[in-house]
Amino acid sequence: MSQIPEKPVLLTGASGGLGRVLARGLGALGWKLVLTDIVPFPDPVPAGSRFVKADLNDGVTILRLAEGCGMILHFGGVSVERPFEEVLGPNIRGLYHIYEAARREGARVLFASSNHAIGFHERSEALDDDCQLLPDGYYGLSKAYGELMGRMYWFKHGVENINVRIGSSFPEPIDARMLSTWLSYDDLVRLCVRATLAERVESCVIWGASANSRTYWRRDARDTLGWAPEDSADGFAGQMGGKVTGDAVVERYQGGAYTGMEYSREGGVPGKVFRR
Ligand code: 15L
């Protein structure tokens with residue numbers, strides 16, 4: 001079976017850390033990519049692909065870029081915690097433009113969601129894909145909104161989408177938390193390949209992490225995609241033992257440092273969501 005999609009693939013956020021990894025990895029497979037970002041693409045554009053500088057706030061341009069594409073790998077937008085007003089345009093309005101483009105083209109969307117959509121779950125919890133969304137800031141909130149937008153577009157318009165709650169995707173884990181949350185670049189590229197080529201995905205959630213034995217995460221839709229991580233953070237455990245912050249809030253929750261930013265709850269009493 002061909003590993004090359006029939007139609008071109010739109011990759012937003014192409015100039016960011018993960019976008020560059022994907023442009024290189026998918027370009028090397030011979031995929032025809034439409035790369036876009038608000039800043040110039042710093043690498044050589046893979047053969048058969050093109051780069052167009054664009055702002056996610058510009059809906060007309062996003063619609064044009066998506067013309068003829070069968071898949072949108074949406075990695076664009078603000079990728080760290082920022083004030084609400086900075087997140088709003090790229091991550092909320094921009095996402096709406098992506099979904100409208102997908103609806104018009106009959107394209108599938110892979111949404112780069114984040115562990116920060118569920119960041120206020122405690123590290124002692126083992127989560128399945130249908131756990132409560134517990135965002136740990138405005139960035140995480142935009143990711144939770146994005147997942148719900150995907151669900152709405154699937155139910156209302158039949159736009160298929162894969163919501164990847166990415167843990168920590170870096171060349172290597174750099175602290176003790178990442179022994180649980182690390183996603184290798186190779187596992188990420190393979191995940192995007194399967195998400196694009198899988199026959200039917202409906203609207204689903206994937207935990208974006210390698211096969212880390214210290215994981216916080218369990219069930220998701222990976223079997224539907226035919227994806228399983230091949231790498232693991234376990235081999236880095238010896239170097240990471242002491243790499244903790246010493247901050248009680250940060251170490252308590254899965255979202256780590258993001259949970260402690262602007263944290264103003266008094267007395268260190270942990271937040272709880274009441275369940276009936
Ligand atoms: C994310 O969502 C960020 O984009 C990334 O920079 C890391 O902070 C990562 O989460 C993480 O939680 O390690």
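Everything numeric in this text was worked out from a predicted model, so none of it was measured. (Residues numbered from 1 in each chain as written. Predicted model: local features only at pLDDT ≥ 70, side-chain atom pairs only at ≥ 80, totals over all residues. Heavy atoms only, no water.)

**Q** So, the sheet that holds strand 6 (residues 161–166): which residues are in play, and what are the values?
**A** Pairing between the strands of a sheet comes from backbone hydrogen bonds, and it takes one of two forms, parallel or antiparallel. The parallel open sheet is built from seven strands, whose spatial order is 3-2-1-4-5-6-7. Because the sheet does not close on itself, it has two edges, and the strands there are strand 3 (50–53) and strand 7 (203–208). Ignoring strand direction, the axes of neighbouring strands in this sheet form an average angle of 20 degrees. Bridge count between strand 4 (residues 71–74) and strand 5 (residues 108–114): four bridges; the pairing is parallel. Bridging across to strand 5, M71 finds its partner in R108. This element, helix 3 (residues 84–105), spans strand 1 (9–12), strand 4, strand 5 and strand 6 of the sheet and lies at about 165 degrees to strand 4. Contacts from helix 4 (residues 138–157) reach strand 5, strand 6 and strand 7, with the element oriented near 155 degrees to strand 5. (Pairing = 2+ DSSP bridges. Helix = DSSP H or I, 4+ residues; strand = E, 2+ residues; numbered from the N terminus. Axes fitted to C-alpha atoms, helices over the stretch in contact; angles between N-to-C directions. Contact = heavy atoms within 4.5 Å.)

**Q** Can you lay out the side chain of H74 for me, pointing to particular residues and giving the numbers?
**A** When you line up the elements, H74 lands in strand 4. A polar contact of 2.7 Å, which involves the side chain of H74, links it to the side chain of T12. The contact partners of H74, leaving out residues within four places of it in the chain, are T12, L56, L95, I98, L110, F111 and A112. (Polar contact = N/O pair within 3.5 Å; in protein donor to acceptor, adjacent residues only side chain to side chain.)

**Q** Quick rundown of the site of the ligand? Include the residues and the values.
**A** The environment of the ligand is formed by S79, S114, N115, H116, Y139, G167, S168, F170, R177 and Y258. Measuring from an oxygen atom of the ligand, one finds a side-chain N or O atom of Y139 at 2.7 Å. In isolation the ligand has 320 Å² of accessible area, and contact with the protein removes 79% of it. When grouped by side-chain class, the residues that make up the shell around the ligand number three nonpolar, six polar and one charged. (Near = heavy atom within 4 Å. Areas by Shrake-Rupley, 256 points an atom, 1.4 Å probe, with all protein chains shown as cover. Nonpolar A, V, L, I, M, F, W, Y, C, P; charged D, E, K, R; others polar.)

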